[in-house]
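Letter by letter, the chains look like this.
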Amino acid sequence: MTKFVYDFAEGNKDLKDLLGGKGANLAEMTNLGLPVPPGFTITTEACRAYLDTGSEPPGLQREIGEHLAALEEKMGKRLGDPDGPLLVSVRSGAKFSMPGMMDTVLNIGLTDASVVGLGDDRFAWDSYRRLIQMFGKTVRGVPGEEFEHALEDLKHVRSTENDLDLDAADLRKLVGTFKGIYKSHTGEDFPQDPREQLAAAIHAVFDSWNSERAILYRRQERIPADLGTAVNICSMVFGNLGSDSGTGVAFTRDPGSGVRGVYGDYLVNAQGEDVVAGIRNTVPLQELAHIDKSSYDELMDIMSTLERHYRDLCDIEFTIERGKLWMLQTRVGKRTAAAAFVIATQLVDEGMIDLDEALHRVSGGQLAQLMFPRFDAETKAEKLGRGMNASPGAAVGKAVFDSYTAVKWSRSGEKVILVRRETNPDDLNGMIAAEGILTSRGGKTSHAAVVARGMGKTCVCGAEELDVDTKRRRLLAPGGIVIEEGDVISIDGSTGQVYRGSVPVVPSPVAEYFEGHTDLSDDLVRAVDRLMRHADTTRRLGVRANADTPEDAARARRYGAQGIGLCRTEHMFLGDRRQHVERLILADSDAEREEVLAGLLPLQREDFIGIFEAMDGLPVTVRLLDPPLHEFLPDITELSVRVALAEARGEKHENDLRLLQAVHKLHEQNPMLGLRGVRLGLVIPGLFTMQVRAIAEAAAARISAGGDPRAEIMIPLVGAVQELEAVRSDAETVLAQVADETGVVINALIGTMIELPRAALTAGQIAEAAQFFSFGTNDLTQTTWGFSRDDVEAAFFSAYLEKGIFGVSPFETLDRDGVGRLVRIAAEEGRKARPDLKLGVCGEHGGDPDSVHFFHEVGLDYVSCSPFRVPVARLEAGRAASEAAGSDSR
Ligand code: PEP
Ligand code: MG
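Residues numbered from 1 in each chain as written. Chains lettered and ligands numbered in written order. Predicted model: local features only at pLDDT ≥ 70, side-chain atom pairs only at ≥ 80, totals over all residues. Heavy atoms only, no water.

1. Some words on the overall build of the protein chain
Secondary structure summary: the protein chain contains 35 helices and 31 strands in total. Along the first, second and third principal axes, the C-alpha set of the protein chain runs to 105 × 70 × 55 Å. Within the protein chain, buried positions represent 55% of all 890 residues. Considering only intrachain contacts with a sequence separation of at least 6, the fraction spanning at least 24 residues in the protein chain is 68%. About 37300 Å² of surface is accessible on the protein chain, with carbon and sulfur atoms providing 49% of the total. (Helix = DSSP H or I, 4+ residues; strand = E, 2+ residues; numbered from the N terminus. Buried < 20%, exposed > 50% of the residue type's maximum accessible area, 1.4 Å probe, protein only. Contact = heavy atoms within 4.5 Å. Areas by Shrake-Rupley, 256 points an atom, 1.4 Å probe, with all protein chains shown as cover.)

What follows is the structure, encoded as structure tokens:
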């Protein structure tokens, strides 16, 4: 027979699945001998059975009856007894905390008869009216405002604003009014059978698992929908029995900073819900030492017992009933990112946990939060609207509506925010010049978002309620607010909030530490330093950075990168060099093409020399050119308009016409799936060999200057081994030529990206021609799902996220089941064909905490991510390794 009900003395803290968090911890405290009001817990299994079938599972009523009888025996009182009744609370409690999402009913057991037994005084009638109110609202769906209005009306009649001014007679009258409200809505009298009250309250708690707000909360928090809630039946204790009673909440350390001390609030002569409702002001917990010294001392003892027992920060709810302390709840408490780091290392110093365990008490997500400057949380600044929190941080500056202005103004010392509908590669300079980027379209993997994250620059994207009018150079916000160019705005990349004016920014000591500026006097910085060191000694995965400039490479190195995993060369073809590429693509003779390539070669060589120098002694993976073609060609619509206008005006336009014909010829409906990557290299003769030559000559120059360049040449978007073989053979020829010409041997590895399902599925063949694989999980996600990277987030991802089809975008966290499966297959088959094959990943997922754990599991050698994510990846790689070691030894 399944057991559905557990006395508090029967459970323990590890039974959260069955007893929920609250029930398991009440049981744990009971077994520690702490003063917990006696009670019992109905399991989540009973709830699931009830929700599945619509009725209680067989045997549940009997078990509840037996436990209730035992409780009555223990308390020496009976539920609903007119001569001093036992009252109980009925509280929900799921495995994961869902604060305020489900139901609670207090004071079950009060009836017209038993209220007299409770004392027939102010307290008794107040308790009864609370029961009718809570029961009516949560169990029978009576609108809560009706009770509230009745209470307000009564206070009005009595000319007071304070509940405490109502006397027993008033409250007795209020009970009558409440019963009337109850009857008018339900058509029934308020139940006078305490067992009927109890059964109905239990069912209401079960049902509240599927309330709208609970469903929404679970979706947001990614809590499985099928867990169900436990129900805790607990004998009531009262904090509202006079000035020797009260209720409070406490933390064993400061959940904001981690500092040790006494943190909490206390409210004299009140019940828990009064604290939450904020009806009266609480006093700091320290005051309890003066109000009730012995309860205070006992509470301090209990708090230290709980901390030692749970080996972590605990939060607590307690009640004092006529000088007697009762523990109503405890759990491992939530804390800020800063407190998480500080507390984890404190607990190591206090001998409660070891450093491995400390690593699991923090996360890369928390570290990322700590690295960004933030706005003052108390800001009263005017909100303009909200977009997606694409790249964290806090940025303040004058709104500018094009990149040219961004660069110009920033050169003259202005701080600017680049505001665009969406950005494209042409905006790169403006993005670099700006403090932050705001767009009204596009999602978290839009151009603006990806590039901003790469730069570590604050970005809010897809703020659809803001109308960006680049022509009139202004921004329209809801409510008719107009922001003209030059007006100051503030954007919060951690929350997506956009403000008018300048919001004060608080700098991050943790970012300064990674930059090497800070000493270790700050508690938080010391904690971060200690855990980072431990992660570095524990991790197996290498961590590299995606960087295209010597400055980014140098920053990545300061942040602990062990090389560059992706140097995107297309960024080297923008700006002034763009015309060269346009000419190259449109060249209609070999001679013209060769002339352009010869012009590009020295520029590329200098690019690589700078990067090799910054990364001296460490690997640098240079990816050959991979942009979709359209990024280098003039906009087809603009060009068409220009030609049509010139025609109409009878002006000369042969060049534009020739260009338009060529652009038409090359125009693609799906440029992301078009002529890019290796395809471009194979179709435009000399392009890739020019790049290989530039890499080889740069490496030779560095070697001659006493440097130690470690070049790796990476071919993008390969789908078939034949593509790779063709490019590789040309590349080897060039490497040999440069070696001959310079007399310097260059040992560059040649490998490929795995970005297409076909590449993953034929990895065994491809590995024969590749010395390394780097998984391009951005494109691999795009091509596996058939989602266009540039469009989907704006088009339908928010609907998918809302409906719970995704918990998180697969462009953000690797889809282990689909894309991950391809990665696993390619890694296994690649290594089978070539055991020394080096494996890495350089898609955005390389800096995503959950994905890093997956890459550790499948045995990659390194992850590569934007420089600012490098510390996050180091920490998560350490956590992944120690987690795996922990489970091996178990
Ligand atoms: C990728 O596709 O994952 C990748 C790193 O390349 P890009 O984002 O430049 O296409
Ligand atoms: Mg790619």
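2. Quick word on helix H6 (residues 144–157)
The end-to-end C-alpha distance of H6, which contains 14 residues, comes to 20 Å, matching closely the 20 Å that a straight helix rising 1.5 Å per residue would cover. Buried within H6 we find Gly144, Phe147, Ala150, Leu151, Leu154 and Lys155. In a view along the axis of H6, the buried residues occupy a sector of 135°, so they form one face of it. Projecting away from the buried face of H6 at angles above 90 degrees are the exposed residues His149, Asp153, His156 and Val157. Taken together, the buried residues of H6 touch helix H5 (122–140) and helix H7 (168–186). The positive-phi residue at the C-terminal boundary of H6 is Ser159, with phi of around 55°. (Expected span 1.5 Å × (residues − 1). Arc of directions from axis to C-beta.)

3. Some points on the site of ligand 1
Near ligand 1 you find 14 residues, and of these Arg568, Arg623, Gly776, Asn778 and Arg789 are the closest. With respect to ligand 1, the side chain of Arg568 contributes an N or O atom lying 2.7 Å from an oxygen atom. In this structure, Asp779 approaches ligand 1 through a main-chain N or O atom, which is 2.9 Å from an oxygen atom. Across the complex, the protein chains shield 95% of the 290 Å² of accessible surface that ligand 1 would expose by itself. Counting residues per element, the ones that place at least two in the shell around ligand 1 are strand E25 (564–568) and helix H31 (777–785). (Near = heavy atom within 4 Å. Polar contact = N/O pair within 3.5 Å; in protein donor to acceptor, adjacent residues only side chain to side chain.)

4. Some remarks on the coordination of the magnesium ion (ligand 2)
At 1.9 to 2.0 Å from the magnesium ion (ligand 2) lie its protein donor atoms, namely Glu755 (OE) and Asp779 (OD). Residue Glu755 is found in the loop between strand E28 (749–754) and helix H29 (757–761), and its partner Asp779 is found in helix H31; the two are separated by 24 residues along the sequence. (Donors = N, O, S within 2.8 Å, 3.2 Å for Na, K, Ca; no water.)

5. Description of the pairing of strand E4 (residues 104–108)
Taken across its five residues, E4 has four buried, putting it largely inside the fold. Relative to E4, strand E3 (residues 88–94) runs antiparallel, the two being bridged by three bridges. Looking at E4, one finds that Val88 is bridged to Ile108. (Pairing = 2+ DSSP bridges.)

6. Points about the nonpolar core
Core analysis: the biggest nonpolar cluster contains 151 residues, and Phe341 and Phe773 have the highest contact counts within it. Not counting residues up to four positions away in its chain, the partners in contact with Phe773 are Thr752, Ile754, Ala763, Ile766, Ala767, Ala826, Gly830, Leu837, Lys838, Leu839 and Gly840. By size, the runner-up hydrophobic cluster in this structure holds 54 residues, among which are Leu71, Leu131, Leu171 and Tyr182. (Core = buried A, V, L, I, M, F, W, Y, C linked by side-chain atoms within 4.5 Å.)

7. Comments concerning the sheet that holds E28
Spatially, the eight strands close up into a barrel ordered E24-E25-E26-E27-E28-E29-E30-E31, and their pairing is parallel. On average, each strand axis in the sheet is tilted by 30° relative to the strand beside it, whichever way the strands run. The pairing of E25 with strand E26 (residues 619–623) spans three bridges and is classified as parallel. When the sheet's bridge partners are listed, Ile564 is paired in E26 with Val620. (Axes fitted to C-alpha atoms, helices over the stretch in contact; angles between N-to-C directions.)

8. A closer look at the sheet that holds strand E7 (residues 260–268)
In space, the five strands of this open sheet follow the order E8-E7-E6-E9-E10, with antiparallel pairing throughout. Each having just a single partner strand, strand E8 (283–284) and strand E10 (324–332) make up the two edges of the open sheet. With six bridges connecting them, strand E6 (residues 246–253) and strand E9 (residues 314–321) associate as antiparallel partners. Each bridged residue has a counterpart across the sheet, and for Val249 the counterpart in E9 is Glu317.

9. Overview of unusual backbone geometry
Positive phi, normally seen in glycine, also occurs at Asn107, with a value near 65°. Take Asn107: its relative accessible area is 0%, and that puts it in the buried class. Unlike most non-glycine residues, Arg473 shows phi in positive territory, near 55°. Take Arg473: it is sitting in the loop between strand E18 (467–469) and strand E19 (474–477).

10. A few points about helix H22 (residues 578–586)
Those residues of H22 lying buried are Arg578, Val581, Leu584, Ile585 and Leu586. Among the structural elements, helix H23 (590–614), helix H25 (654–666) and helix H27 (687–704) are those in contact with the buried residues of H22.

11. Description of the packing of aromatic side chains
Between two aromatic rings, the relevant description is the distance of the centres plus the angle of the planes. A complete count under the given rule lists 22 aromatic pairs for this structure. Each ring, one from Tyr182 and one from Phe190, has its centre 5.3 Å from the other, and the planes form 80°; the classification is edge-to-face. No difference in accessibility class separates Tyr182 from Phe190, as the two residues are buried. On the numbers, 5.9 Å between centres and 5° between planes, the contact of Tyr266 with Phe318 is stacked. Pair noted here: Tyr266 is in strand E7 and Phe318 is in strand E9, with a separation of 52 residues, a long-range link. Members of the aromatic cluster, each reached through a chain of ring pairs, are Trp125, Tyr128, Phe135, Tyr182 and Phe190. Lying across the ring of Tyr6, Lys3 places its NZ or CZ 4.7 Å from the centre. Directly above the aromatic system of Trp326 lies the positively charged group of Lys324, at a separation of 4.6 Å from the ring centroid. (Phe/Tyr/Trp six-rings, centres within 6.5 Å; stacked < 30°, edge-to-face > 60°. Lys NZ or Arg CZ within 6 Å of the ring centre and 35° of its normal.)

12. Notes on the packing of H27 against helix H28 (residues 721–742)
Two elements in contact, H27 and H28, have axes separated by 9 Å at closest approach and are oriented at 35°. The interaxial crossing formed by H27 with H28 has right-handed handedness. Contact residues: H27 offers Phe688, Thr689, Val692, Arg693, Ala696, Glu697 and Ala700, while H28 offers Val727, Asp730, Ala731, Val734, Leu735, Gln737, Val738, Glu741 and Thr742. Each residue belonging to the contact of H27 with H28 can be placed in one class, and the counts come to nine nonpolar, three polar and four charged. (Left-handed = near helix turned anticlockwise from the far one by under 90°. Nonpolar A, V, L, I, M, F, W, Y, C, P; charged D, E, K, R; others polar.)

Functional significance is not addressed by these values, which are geometric in nature.
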